[in-house]
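In case you want the letters, here they are:
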Amino acid sequence: MTEFFVSKFGGSSLATSKQYKKVKEIVNKNENIKVVVPSAPGKRDEKDHKITDLLYMCHQLSSHGLKFDDIFKMIAERFFEIRDNLSIDVDLEKILDEIKTNIENNRSIDYCASRGEHLNGILLAKYLGFEFIDAAEVIFFNEMNEVDEKKTIEELQNKIKLGDKKRYVVPGFYGSFKSEIKTFSRGGSDITGSVIANAIDAKIYENWTDVSGFLVADPKIVENPKEIEHITYKELRELSYMGAKVLHEEAIFPVKNKGIPIHIKNTNRPYDKGTLIVPDTWNFSKENLITGIAGKKGFTVITVEKTLMNSDKSFLRKLVSVFETNDISIEHMPSGIDSISIIVSDIDLNGKLSKIIEEIRIYLNPDNIISSSNMALVAVVGRGMIRTKGISAKVFTALSDAGVNIRMISQGSSELNIIIGLENSDFETAIRAIYKSFYN
Ligand code: ASP
């Protein structure tokens, strides 16, 4: 039985006619690729614009009654470059005219944003000789803005014929709700690929981008960090939550139940191994003790002290409810006998600190409340840490040798991560020190 692949190509992989050629080569080499999911053309270099950003701008201008001809022309030229250099037989002028009229007639923001993937899908399908399936006809949302799984799977299975040699292009990023176009959040083509991989029971969901997978640490901080060869879904969740960005955070959920691996690959270096994201139950040979280090700046710690805090059974509930009613997520909550610290992100806190402190005073009558901002969190993540002795000793020795003062420590109950709170100014030093102690 053939084992199918679903292959999603990101914006930079399809930014120019030159990139299109690389994609064709990759797809032609693997006959098992049944469905190709394109993003809209992305940036050609640092200073360039993503087509999706330009489309959002067109909508913005048009909704204020302003002209958007110049920006639309920039979009059109990008697609013409691809079509003309590759001699793709598509009447782009006609489709672009229609889109422009629709934007002028105030079609929804999601409709406008989705046209980059739509156009790229039409061009790519023609170029590869694959069948084009409009995502609006196979990806369905529900009232809660989530994918209507049942309807989507049914329709995908109807349209994608696994029994013959046909191959398909389904644009990423959008679907429909009650016949109006609806998009995922930014970067959502990753989710489209995952939804399709699940629907057709793919062997592998390939995600082609412009890096050779995940790195152990951010290359802007650590020089030449090692690539991660295997990472589990859970480890990836931990690392992406803490800032490691390659794949959309929600892209693992559709493939998770069936345990379909996601293979991150580099369109510009297709022979690099890439990173394989695998189920937590994957049978690993012994690899590294830690899989990755990630982190973020911009947190505040609010420490509440109260003698005999533990004897008041409603203490924790009342404390947490202050954050809940102020719509603030709690990141971590390490505690002592007579004190507890709440760590929240500054973005969430957004000027509400004094209000929060006042409410804690009123509801909990604490002995003391101390708040300190400018904190960073660093997460050391790895399945290799589970039931392995000495990992935290290694992390903390590295930090102490580097002169970093640790303000908070928290280990997840799954033993998959150690989270360390430190001053913003120590952030980079800490990551370098931890990396060095495990990898040099
Ligand atoms: N083109 C969309 C964006 O820029 C979606 C995607 O690339 O996945 O966010």
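Placed above this text is the structure.
Presented here is a report on the structure given in the accompanying data block. (Residues numbered from 1 in each chain as written. Predicted model: local features only at pLDDT ≥ 70, side-chain atom pairs only at ≥ 80, totals over all residues. Heavy atoms only, no water.)

## What to know about the pairing of strand E14 (residues 406–411)
Sheet topology note: the E14/strand E15 (residues 417–423) ladder contains five bridges and is antiparallel. When the sheet's bridge partners are listed, glutamine 411 is paired in E15 with isoleucine 418. (Pairing = 2+ DSSP bridges. Helix = DSSP H or I, 4+ residues; strand = E, 2+ residues; numbered from the N terminus.)

## Looking at the site of the ligand
By nearness alone, every residue bordering the ligand is listed as Ser39, Thr52, Glu117, Phe173, Arg186, Gly187, Gly188 and Ser189. Measuring from a nitrogen atom of the ligand, one finds a side-chain N or O atom of threonine 52 at 2.7 Å. One of the backbone N or O atoms of glycine 188 is found 3.3 Å from an oxygen atom in the ligand. Compared with its free state, where it exposes 260 Å², the ligand has 91% of that area covered by protein. Classifying every residue of the shell around the ligand by side-chain character gives one nonpolar, five polar and two charged. (Near = heavy atom within 4 Å. Polar contact = N/O pair within 3.5 Å; in protein donor to acceptor, adjacent residues only side chain to side chain. Areas by Shrake-Rupley, 256 points an atom, 1.4 Å probe, with all protein chains shown as cover. Nonpolar A, V, L, I, M, F, W, Y, C, P; charged D, E, K, R; others polar.)

## Considerations on a negative patch on the surface
On the surface, Asp89, Asp91, Asp97 and Glu98 cluster together to form a negatively charged patch. Assignment of secondary structure puts glutamate 98 in helix H4 (residues 92–104). (Patch = residues over 30% accessible without salt bridge, like charges linked within 9 Å, V, L, I, M, F, W, Y side chains within 5 Å. Salt bridge = Lys/Arg side-chain N within 4 Å of Asp/Glu carboxyl O. Lys, Arg positive; Asp, Glu negative; His and termini not counted. Charge placed at Lys NZ, Arg CZ, Asp CG, Glu CD.)

## Side note on the sheet that holds strand E12 (residues 339–345)
In spatial order, the strands read E12-E11-E13-E15-E14; together these five strands make up an open sheet with antiparallel pairing. Of all strands in the sheet, those with a lone pairing partner are E12 and E14, marking the two edges. When the angles between neighbouring strand axes are averaged without regard to direction, this sheet yields 35°. Packing against the sheet, helix H8 (residues 233–241) makes contact with strand E11 (292–305), strand E13 (368–381) and E15, and its axis sits at approximately 65° to E11. This element, helix H14 (residues 427–439), spans E11, E13 and E15 of the sheet and lies at about 125° to E11. (Axes fitted to C-alpha atoms, helices over the stretch in contact; angles between N-to-C directions. Contact = heavy atoms within 4.5 Å.)

Nothing here speaks to function; it is geometry throughout.
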